[in-house]
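Geometric and topological summary
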Amino acid sequence: GAVVSQHPSWVICKSGTSVKIECRSLDFQATTMFWYRQFPKQSLMLMATSNEGSKATYEQGVEKDKFLINHASLTLSTLTVTSAHPEDSSFYICSARALVKRYEQYFGPGTRLTVT
Amino acid sequence: EDQVTQSPEALRLQEGESSSLNCSYTVSGLRGLFWYRQDPGKGPEFLFTLYSAGEEKEKERLKATLTKKESFLHITAPKPEDSATYLCAVSSNDYKLSFGAGTTVTVRA
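A short tour of the structure in this document, coming up. (Residues numbered from 1 in each chain as written. Chains lettered and ligands numbered in written order. Predicted model: local features only at pLDDT ≥ 70, side-chain atom pairs only at ≥ 80, totals over all residues. Heavy atoms only, no water.)

Digging into the pairing of strand E1 (residues 4–7) of chain A
Residue and element names in this part refer to chain A. Burial of the side chains of E1 is restricted to one face: Val4 and Gln6 are buried, whereas none of Ser5 and His7 on the reverse face is. Strand direction decides the pairing type here: E1 and strand E3 (residues 19–25), joined by four bridges, are antiparallel. Residue pairing across strands places glutamine 6 opposite cysteine 23, the latter belonging to E3. (Buried < 20%, exposed > 50% of the residue type's maximum accessible area, 1.4 Å probe, protein only. Helix = DSSP H or I, 4+ residues; strand = E, 2+ residues; numbered from the N terminus. Pairing = 2+ DSSP bridges.)

As for the interface of chain A and chain B
At the junction of the two partners, chain A supplies 19 residues and chain B supplies 20 residues. Roughly 1,600 Å² of surface becomes buried between chain A and chain B when both sides are summed, with 59% attributable to carbon and sulfur atoms. The salt bridge involving lysine 96 of chain B is made with glutamate 59 of chain A; its shortest N-O contact spans 2.7 Å. Breaking the side of chain A that touches chain B down by element, the ones donating at least two residues are strand E4 (30–38), strand E5 (44–51), strand E9 (90–98) and strand E10 (105–107) of chain A. A breakdown of the residues in the side of chain A that touches chain B according to their chemical character gives ten nonpolar, five polar and four charged. (Contact = heavy atoms within 4.5 Å. Buried area = accessible area lost by both parts, 1.4 Å probe. Salt bridge = Lys/Arg side-chain N within 4 Å of Asp/Glu carboxyl O. Nonpolar A, V, L, I, M, F, W, Y, C, P; charged D, E, K, R; others polar.)

A closer look at the pattern of salt bridges
All names here are of chain A. A complete count under the given rule lists seven salt bridges over all chains for this structure. Residues glutamate 22 and arginine 24 are paired through a salt bridge, measuring 3.5 Å at the closest nitrogen-oxygen approach. Relative accessible area serves as the criterion here: at 26%, glutamate 22 is assigned to the partly exposed category. Two residues, lysine 66 and aspartate 88, come together in a salt bridge whose shortest N-O distance is 2.9 Å. On the criterion of sequence distance, the pair formed by lysine 66 in the loop between strand E6 (57–58) and strand E7 (67–73) and aspartate 88 in the loop between strand E8 (76–81) and E9 is long-range, its members being 22 residues apart. Take lysine 66: its relative accessible area is 12%, and that puts it in the buried class. Its relative accessible area of 5% is what places aspartate 88 among the buried residues.

Given below as structure tokens:
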């Protein structure tokens, strides 16, 4: 149980284009979903928190107009990187918090974004 | 602000050589301490949640313990497949996780 999927697993895009990453909780309902970014050999950096049906809350320093988050249902959240630039290249990981186990987060497999 | 410090940064073990990883934390109102395993190029895999001092959890060769200031992840008789980065995280009142930098464990056959 507690499986989270992400799609795509990797994507290459050209500078200036937008990319959408999907995060789905497959076998549970997620009250809250989180989006993280991870640079090589570094730990996870929280970008934003999203609750179903409400606006995402962004961490300090994260541009909300660049990283658009939509939490359309209790099983789906999307992250859109708008007008991507090479510095946006990174490993993006989502996690989901289940209704039942209040503080545990289950992570997706991650999406490797490369902007050329 | 919640703080999590993991040590050592890297640990090289011979197969069968037991060892422990440390996670020290400062948090206002601990709601849970979590251990995850992360393999290269993958998302973290949930291992354990510990909620209160004195609590212990076990899974195969791994055992996690918790005190009021730190947590230990004990690896007993490790195998090469236990090689990974082990992440410790804490959650306080807002459900967010604060992660440590991780300990990279390499187990040689």
